[in-house]
Amino acid sequence: MSDDFKKEMTALIDKGNKYVVVDFEQVIYVDSSFLGALVSSLKYAIPNQAEIVVAGLNKDILNLFSLIRLDKAFKIFATPQDAVDNRGK
Amino acid sequence: MPVSKKILLVDDNPIVLQMMSRALVKEGFECMKATSANQAIEMLKEEMPDIILSDYHMPDVDGFAFRQMLIDVPGYKNIPFMFLTSEVDSDVMLAGVNLEAVDYILKDTPVQVIVSKINNFLTTVRETHERSIKELSVAASALNLNSVPQTLPAIKGFEVDFWHKSFQNYPGGDFIDFIKINARYTFIVLGDVMGKKWGAWFFSFGFLSYIRAAVRICITEGNFSTKNILQKINAVVYHDPVVSDVLSSVSLVLIDTEEGIVNYSGAGDLPVLYYNSDAGTASQVRSAGMLLGLMPDGDFDEISLKLNTGDSLYILTDGIIDHEGADGKKTDYNTFTEAITPFFEKPFTDFKKGAFLKEKAIAQIDDCSLIYIYKKADDNSTN
């Protein structure tokens, strides 16, 4: 599953997308495999001048992001719409 | 018996599908039902069964073509596959076997026989899988590859212990290392390579080697700064194309027995829990560093804690704070704090034997590691 996610993200960036919003609104739990895939997607995005942001994190996932400082690596938005509206701000 | 027994039934006849499903559910199986190969392929995108039972005679895509479609997809190729059909032609049966189908069951076979065939087969799959794990584990131990130490360090004035459980008994992505420099200084390393099972396991040794090397190089240079050591490891990992895709959290602790001080730096790790015995309070100690290899500058810091007699520190990986409740999996640090609180003034072995870790061992959501550092009363022994 996390491999598929990583492939999908890589493909989006390869297509030239410069702003990718990962929508967590339907997500209740993430494991370390997924976080690994998300973070390695970010490492792929940076040299391609692309940005990955996250939106709609539930309380637990938001806490986890803050606990392990992923909030310093990803911009976090309340909703995907917020992420779209605030692009580049 | 395998823990999970999920079957994907594929048959264009809804009545056969319903009957077969009802009979199998009665025998404790969970059934996914598809009336065509294409529908089955769609279902596989959402959910993976333990075995597929497919009809041979179906319009559009027949059973053989369906089998071929599965063989062409690496993720589906190894799902055990059985043909269920009224076909008695031996050529057709042979063709089925050539398509790596596990078995060929005639539809008029009594349900009990079908069930026992499936059960036997799933048991064989599980046993083969367990044997492979065992063989790889034996190979790993022959190569002396251990991701956790075999012995505890003896440190004057301190007690250090740990608890570790790997994900479903695969040697996991967590690694622990104790590096005793001399009577005064001991380093403690807890890392978590992101990912599960074999990939993480192999990489955890790579990372362990990086960290051991970096720690030792820094020591040779007379540098005992945990922050500096993490910066060095980060720089190595970040610029190394071979491991640039792998990310790992690390908690690095240096115990200084002379000063009774513990220095701590972290890279994307969970906060360390610090129990102050005099005050009777526990607090999270958070480091600033980011995951190893994520950014050129990991933003590391170094926190110094003076431990007094009775104080303890707990270093943990995320498996410890994951738990599975009625409403699904969750990640919550407070569950750990609440569980450990009654044990602050008790021996760590009591907590190791307690319900919380027992539950972790059974739940098996992820690798779980917990390191315990306790400041004993000052003594004059020379260990």
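Note: the structure precedes this text.
Overview of the structure. Computed from a prediction, not measured in an experiment: that's the story for all the values here.

**Some words on the overall build of chain B**
No. 1: In terms of helices and strands, chain B carries 11 helices and 17 strands.
No. 2: Taking all 383 residues of chain B together, the buried fraction comes to 51%.
No. 3: In chain B, the proportion of contacts linking residues at least 24 apart, taken out of those at least 6 apart, comes to 67%.

**Section: the interface of chain B and chain A**
No. 1: Each partner contributes residues to the interface: chain B has 35 residues there, and chain A has 23 residues.
No. 2: Summed over both sides, the interface of chain B with chain A buries roughly 2,300 Å², with 56% coming from carbon and sulfur.
No. 3: Of all residues in chain B, the largest losses of buried area upon contact with chain A belong to M194, L294 and T331 of chain B, amounting jointly to 22% of the total for that side.
No. 4: Between the two partners, chain B and chain A, sit 2 salt bridges.
No. 5: D269 of chain B serves as the salt-bridge partner of R69 of chain A, at 2.7 Å between the closest nitrogen and oxygen.
No. 6: There are 8 residue pairs in polar contact (both at pLDDT 80 or more) connecting chain B and chain A.
No. 7: Per-element accounting of the side of chain B that touches chain A gives the leading share, 4 residues, to strand β16 (residues 328–331) of chain B.

**Digging into the pairing of strand β12 (residues 281–285) of chain B**
Residues and elements named next belong to chain B.
No. 1: Bridge analysis of strand β11 (residues 272–276) against β12 gives 5 bridges, and the strand direction is antiparallel. Paired with Y275 across the strands is A282, a residue of β12.
No. 2: Two successive antiparallel strands, β11 and β12, enclose a turn made up of 4 residues, where G280 displays a positive phi of approximately 70 degrees.

**Here we look at the pairing of strand β14 (residues 312–316) of chain B**
It is a general feature of regular strands that their side chains alternate between the two faces of the sheet.
Residues and elements named next belong to chain B.
No. 1: Across the 5 residues of β14, 5 count as buried, placing the element largely inside the fold.
No. 2: Every second residue of β14 is oriented toward a common face, with S312, Y314 and L316 on one face and L313 and I315 on the other, all of them buried.
No. 3: In this sheet, β14 lies alongside β11 in antiparallel orientation, the contact comprising 3 bridges. Across the sheet, residue Y274 finds its bridge partner in β14, namely L313.

**What about the pattern of salt bridges?**
No. 1: The final tally for this structure, using the stated rule, is 10 salt bridges over all chains.
No. 2: One network of salt bridges, with partners in common, ties together R184, D256, E258 and E259 of chain B.

**Some remarks on the packing of helix α2 (residues 37–46) of chain B against helix α3 (residues 63–71) of chain B**
Residue and element names in this part refer to chain B.
No. 1: Between α2 and α3, whose axes approach to 10 Å, the crossing angle comes to 25 degrees. When the axes of α2 and α3 are compared, the pair comes out roughly parallel. Relative to α3, α2 is oriented so that their crossing is right-handed. Between α2 and α3, the residues in contact are A37, N38, A40, I41 and L44 and F66, M69 and L70, respectively.

**A closer look at the packing of helix α1 (residues 2–14) of chain A against helix α2 (residues 32–45) of chain A**
Residue and element names in this part refer to chain A.
No. 1: Orientation of α1 relative to α2, taken along the N-to-C sense of each, is 15 degrees, at an axis distance of 9 Å. Taken together, the axes of α1 and α2 are roughly parallel relative to one another. Both α1 and α2 take part in a crossing whose hand is right-handed. Here S2, F5, K6, M9, T10, I13 and D14 of α1 come into contact with α2, specifically with S33, F34, A37, L38, S40, S41, Y44 and A45.
No. 2: Grouping the constituent residues of the contact of α1 with α2 by class yields 8 nonpolar, 5 polar and 2 charged.

**Section: the packing of aromatic side chains**
A ring pair, where both rings are aromatic, is described by two values, the distance of the centres and the angle of the planes.
No. 1: Here the structure, examined in full by the defined rule, presents 23 aromatic pairs over all chains.
No. 2: Each ring, one from F5 of chain A and one from F34 of chain A, has its centre 4.9 Å from the other, and the planes form 55 degrees; the classification is tilted. Highlighted residues: F5 of chain A in helix α1 and F34 of chain A in helix α2, separated in sequence by 29 residues.
No. 3: Its relative accessible area of 19% is what places F5 of chain A among the buried residues.
No. 4: Aromatic side chains F187 of chain B and F224 of chain B sit 6.1 Å apart centroid to centroid with 75 degrees between the ring planes, which places their arrangement in the edge-to-face category. Taken together, the positions of F187 of chain B in strand β8 (residues 185–193) and F224 of chain B in the loop between α7 (197–220) and α8 (226–239) put the pair 37 residues apart, joining distant regions of the chain.
No. 5: Look at F187 of chain B and you get buried, because its relative accessible area is 0%.
No. 6: An aromatic cluster is built from Y275, Y314, Y333, F336, F343, F344, F348, F351, F356, Y372 and Y374 of chain B, whose rings are joined through pairwise contacts.
No. 7: Over the face of the ring belonging to F29 of chain B we find K5 of chain B, whose NZ or CZ atom lies 4.5 Å from the ring centre.

**A word on unusual backbone geometry**
No. 1: For Q49 of chain A, which is not glycine, the phi torsion reads 55 degrees and is therefore positive.
No. 2: Inspection of the secondary structure puts Q49 of chain A in the loop between α2 and β2 (51–55).
No. 3: Residue Q49 of chain A is classed as exposed on the basis of its relative accessible area, which comes to 62%.
No. 4: Here D299 of chain B, not a glycine, exhibits a phi torsion of approximately 60 degrees, which is positive.
No. 5: When you line up the elements, D299 of chain B lands in the loop between β12 and β13 (303–306).
No. 6: Judged by its relative accessible area of 37%, D299 of chain B falls in the partly exposed class.

Calculation notes
Residues numbered from 1 in each chain as written. Chains lettered and ligands numbered in written order. Predicted model: local features only at pLDDT ≥ 70, side-chain atom pairs only at ≥ 80, totals over all residues. Heavy atoms only, no water. Helix = DSSP H or I, 4+ residues; strand = E, 2+ residues; numbered from the N terminus. Buried < 20%, exposed > 50% of the residue type's maximum accessible area, 1.4 Å probe, protein only. Contact = heavy atoms within 4.5 Å. Buried area = accessible area lost by both parts, 1.4 Å probe. Salt bridge = Lys/Arg side-chain N within 4 Å of Asp/Glu carboxyl O. Polar contact = N/O pair within 3.5 Å; in protein donor to acceptor, adjacent residues only side chain to side chain. Pairing = 2+ DSSP bridges. Axes fitted to C-alpha atoms, helices over the stretch in contact; angles between N-to-C directions. Parallel < 35°, antiparallel > 145°, perpendicular 65-115°, else oblique. Left-handed = near helix turned anticlockwise from the far one by under 90°. Nonpolar A, V, L, I, M, F, W, Y, C, P; charged D, E, K, R; others polar. Phe/Tyr/Trp six-rings, centres within 6.5 Å; stacked < 30°, edge-to-face > 60°. Lys NZ or Arg CZ within 6 Å of the ring centre and 35° of its normal.

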